[in-house]
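Reading the structure
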Amino acid sequence: MAVEITWWGHATCTVEDSNVRVLTDPLFARRLAHLRRRRGALPPPGAWRADVAVVSHLHADHLHVPSLARLGQGTRLLVPRGALRAVPGLRRLAHLQVSEMTPGDVTTVGALAVRAVPARHDGRRLPVGPRRSPALGYVIEGEARTYFAGDTGLFDAMAKEVGPVDVALLPVGGWGPYLGEGHLDAGRAAEALARLAPRSAVPVHYGTYWPIGMDAVRPHEFHAPGEEFVRLAAARAPGVSVHRLAHGERVRPEVTR
C-alpha cells in the first residue's frame, strides 16, 4: 500500500493515493491580510494540480478564493455546508465542481472515498460572521486511510468519529498560553496522536505564515512547534512514526492494514 504526502506549507498538502491527487486547504498566497509567508517558497504551479480539493472551514487562510481559482477545470471541491452562501466568491468559480459536506458525508473520487468528519473549531467566515458552517476534517481512504484534521481542538469522540487511520495530518502551530479552544498546539496534537494511534503522522499548520511586524515577538511560537511535536509525540505515542517535512518535501509513510 502506498500514499505520498507533500507539505506545501500551512495546512496545504497534496495526498496522492490510488492515482488520485487530493489537495487540502489550498493557500498559494505570499501575503494574506496581516500574515506574510516567512518560510518556504510559494508552491509551484504543479502544486495546483488536483483531482479533488478539500476545505476544512471558512477562515480565509483555509478557504482562500484566489488560490481556489487556480485549480484546473473540472476539479472537485468539497466545502462545509453553507459555504456557498457565506462566501459569495465561491459561486464565481464556475470551472470547479463544488459540493457542500457535513460530517458523515462521503464523496467518491476515482478509487478514493473522502469522508467528512467533525472538527471542534469556529467554522464561520469571520469571527463575527452571521452564518455558521461546520468546521470539518476529512478521512481520505484508498490504499491507505489519511486523516486531514484541518483546524480542531481535542474532543472526547475524536477517535470514534475519525475511525482507524494510517496517517494523520495534524495542526501543531498553536499560540502557547494564548491558545483558545478549538485549536491544537504541539502538546494537544501529541495527545490527539495518542488517541488516534495511526501508523504515521505529519505536523502541519506551523512555520509558514507570521504576522507582519511580529518577527521579534515570541518567535519560538513560529519556529518551534514542529520539533516540539516530534519530541512530545515520541513520549505520548511512541509507536507512531512522525515525519517533520520541510516546505515542498514529500514522504511515503509506511502504512499497514
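Being a predicted model, the structure only gives us computed values, none of them experimental. (Residues numbered from 1 in each chain as written. Predicted model: local features only at pLDDT ≥ 70, side-chain atom pairs only at ≥ 80, totals over all residues. Heavy atoms only, no water.)

**A short note on the pattern of salt bridges**
All told, the structure shown has 9 salt bridges when counted by the stated rule. A salt bridge links Glu-4 to Arg-252; its shortest N-O distance comes to 3.3 Å. You can see Glu-4 sitting in strand S1 (residues 3-9) and its partner Arg-252 sitting in the segment after strand S17 (250-251), a full 248 residues away along the chain. Under the relative-accessibility criterion, Arg-252 is labelled exposed at 62%. Across the pair Arg-124 and Asp-122 runs a salt bridge whose closest N-O atoms are separated by 2.8 Å. Classification of Asp-122 as partly exposed rests on a relative accessible area of 27%. Here the salt bridges do not stand alone but share partners, grouping Glu-4, Arg-250 and Arg-252 into one network. (Salt bridge = Lys/Arg side-chain N within 4 Å of Asp/Glu carboxyl O. Helix = DSSP H or I, 4+ residues; strand = E, 2+ residues; numbered from the N terminus. Buried < 20%, exposed > 50% of the residue type's maximum accessible area, 1.4 Å probe, protein only.)

**Let's talk about the nonpolar core**
If you look at the biggest cluster of nonpolar residues, it comprises 53 residues, and the most contacted ones within it are Tyr-147, Leu-170, Leu-193 and Phe-229. Looking at this core element by element, the count peaks at 6 residues for helix H4 (residues 186-196). Grouped together as the second largest cluster of nonpolar side chains are 20 residues, Trp-8, Leu-71, Leu-77 and Leu-96 included. (Core = buried A, V, L, I, M, F, W, Y, C linked by side-chain atoms within 4.5 Å.)

**Things to note about the packing of aromatic side chains**
The full count for this structure, using the stated rule, is 2 aromatic pairs. With a centroid separation of 6.3 Å and an interplanar angle of 35°, the aromatic rings of Phe-28 and Trp-48 are classed as tilted. In this pair, Phe-28 sits in the loop between strand S3 (20-24) and strand S4 (31-32) while Trp-48 sits in the loop between strand S5 (35-37) and strand S6 (52-54), placing the two residues 20 residues apart along the sequence. (Phe/Tyr/Trp six-rings, centres within 6.5 Å; stacked < 30°, edge-to-face > 60°.)

**A look at the packing of H4 against helix H6 (residues 225-236)**
When two helices pack together, their arrangement is given by the angle between their axes and by how far apart the axes lie. Taken N-terminus to C-terminus, the directions of H4 and H6 make an angle of 40°; their axes are 8 Å apart at the nearest point. Put simply, H4 runs oblique to H6. Of the two elements, H4 crosses H6, and the hand of that crossing is right-handed. Each of Ala-186, Gly-187, Ala-189, Ala-190, Glu-191, Leu-193 and Ala-194 in H4 lies in contact with H6, whose residues at this interface are Pro-225, Glu-228, Phe-229, Leu-232, Ala-233 and Arg-236. Per-class residue counts for the contact of H4 with H6 are 9 nonpolar, 1 polar and 3 charged. (Axes fitted to C-alpha atoms, helices over the stretch in contact; angles between N-to-C directions. Parallel < 35°, antiparallel > 145°, perpendicular 65-115°, else oblique. Left-handed = near helix turned anticlockwise from the far one by under 90°. Contact = heavy atoms within 4.5 Å. Nonpolar A, V, L, I, M, F, W, Y, C, P; charged D, E, K, R; others polar.)

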